[in-house]
Amino acid sequence: MSVAIRETGENGLKVLTIDGEADIRVGVVSALFSLLLMMRRVAYECPELASNDVKANSSTTSFPEALPCKCFDLIVGSGDGGWIAIMLGRLGMSTTEVIETYLQIRASIHDTYPFNGCGEPWSRDVKGNFFDALLQLLVTSRVESGASQRMIQKSPSCFTMALAMHGESNAPHPALFRNYVGRQGNSPDCQIWLAMRAAASSTIFPPITFKPANTNPTSQQFVGASEFNFNNPVDEAITEALELSQRRKITGPLIFCLVSLGSGHPGVDSLSDSDLAKAAIQLTKSASNAHLKAFTRFSETTNLNREAYFRFNVDQGLQDIFLVDISSGEVLTHTEAYLERTDVNNSIERAI
């Protein structure tokens, strides 16, 4: 049975998930380059799925690329992968645009607020406020209603979901910011930029507090979910896709194709006692556990096809590259080397 991204997917949803990561590492950039290379291959096969506005810059050339929001029915992310998912799905951006925007925002925060007048790093609050402003500018540039545009849509063309955690509770499950009304209507109803901010990794930025429109009068605090063992959102994505497929009363496999993009491996050199190293290792373990659970679900769940699950995760070359000194060309080189491996390339051929 075909499971290709470029097929119609009438027997189930096509799903994309994007991991979060340790805040100053570049794994999510590699995940985006993996997506970009796949979207170019899809555009070669199906030009009608390509974006009409691909911009060239120093890191990416203007090859035709398919829009993820046209290729996937559901896009899910956690941590930095969460606000990236919103850019791809809710804002309908091309992968090239997302790579450019992500690098520009992270570079702006680092370059504008590296140190204060005393030679000390700026506080998380200062960086958080600047990040808030950049997100509002981004949304304003993409939608007619500007920064006031809400996340939830009446009839979304691409279902989008980002994970966050309730910052002032011991809730065992993440809050799910959707662009549609989910099961039991439990998605926080807020502006797009607030959903992006809630999903963002919480080590650099402080929690954000606001009152969703569909809750009681009490404001709620949210932090990124990637540091709370929800770095890889694939399990939540499977559950969501199954529920959405069942609404459609689909017969046969409920998930037509699921592509899961990892944010790399911390490497042996990171096995130290530093807080960053411990966080990176914990995130990797969390992502690996979620991957194994997803593989088991696809293998053992009725109406799921084991051949429809694909996991891509660059495992070498990214360990010593950080966002503060990123060379996107170097990240692209390591990503291409990984995708050209025979086993990985065979999986890509089956996926697209």
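Residues numbered from 1 in each chain as written. Predicted model: local features only at pLDDT ≥ 70, side-chain atom pairs only at ≥ 80, totals over all residues. Heavy atoms only, no water.

Caption draft 1: Examining the overall build of the protein more closely. Scanning the protein from terminus to terminus reveals 10 helices and 8 strands. Taken across its 352 residues, the protein has 58% of its residues classed as buried. Sequence-distant contacts, at least 24 apart, represent 73% of the contacts inside the protein between residues at least 6 apart. Approximately 15100 Å² of the protein is accessible, and the part contributed by carbon and sulfur atoms is 49%. (Helix = DSSP H or I, 4+ residues; strand = E, 2+ residues; numbered from the N terminus. Buried < 20%, exposed > 50% of the residue type's maximum accessible area, 1.4 Å probe, protein only. Contact = heavy atoms within 4.5 Å. Areas by Shrake-Rupley, 256 points an atom, 1.4 Å probe, with all protein chains shown as cover.)

Caption draft 2: The arrangement of the packing of aromatic side chains in detail. Inspection of every chain in the model, using the stated rule, returns 9 aromatic pairs. Between the aromatic rings of Trp-83 and Phe-131, the centroid separation amounts to 5.3 Å while the plane-to-plane angle is 70 degrees, which identifies the pairing as edge-to-face. Residue Trp-83 is located in helix 3 (residues 80-89), and its partner Phe-131 is located in helix 5 (residues 124-142); the two are separated by 48 residues in the primary sequence. Both residues of the pair, Trp-83 and Phe-131, belong to the buried class. Each ring, one from Phe-177 and one from Phe-210, has its centre 6.5 Å from the other, and the planes form 55 degrees; the classification is tilted. Placement of the pair is Phe-177 in strand 4 (residues 175-178) and Phe-210 in strand 5 (residues 208-210), with a sequence separation of 33 residues. The same class applies to Phe-177 as to Phe-210, namely buried. Connected via pairs of aromatic rings, a cluster forms that spans Trp-83, Tyr-102, Phe-131 and Phe-205. (Phe/Tyr/Trp six-rings, centres within 6.5 Å; stacked < 30°, edge-to-face > 60°.)

Caption draft 3: Structural context of the pattern of salt bridges. Counted by the stated rule, this structure contains 11 salt bridges. Note that Arg-350 is salt-bridged to Glu-307, the shortest N-O span being 3.4 Å. With a gap of 43 residues between them, Arg-350 in helix 10 (residues 342-351) and Glu-307 in the loop between helix 8 (275-300) and strand 8 (309-312) connect regions that are remote in the sequence. Classification of Glu-307 as partly exposed rests on a relative accessible area of 42%. Because the salt bridges share partners, they merge into one network encompassing Asp-235, Lys-293 and Arg-297. (Salt bridge = Lys/Arg side-chain N within 4 Å of Asp/Glu carboxyl O.)

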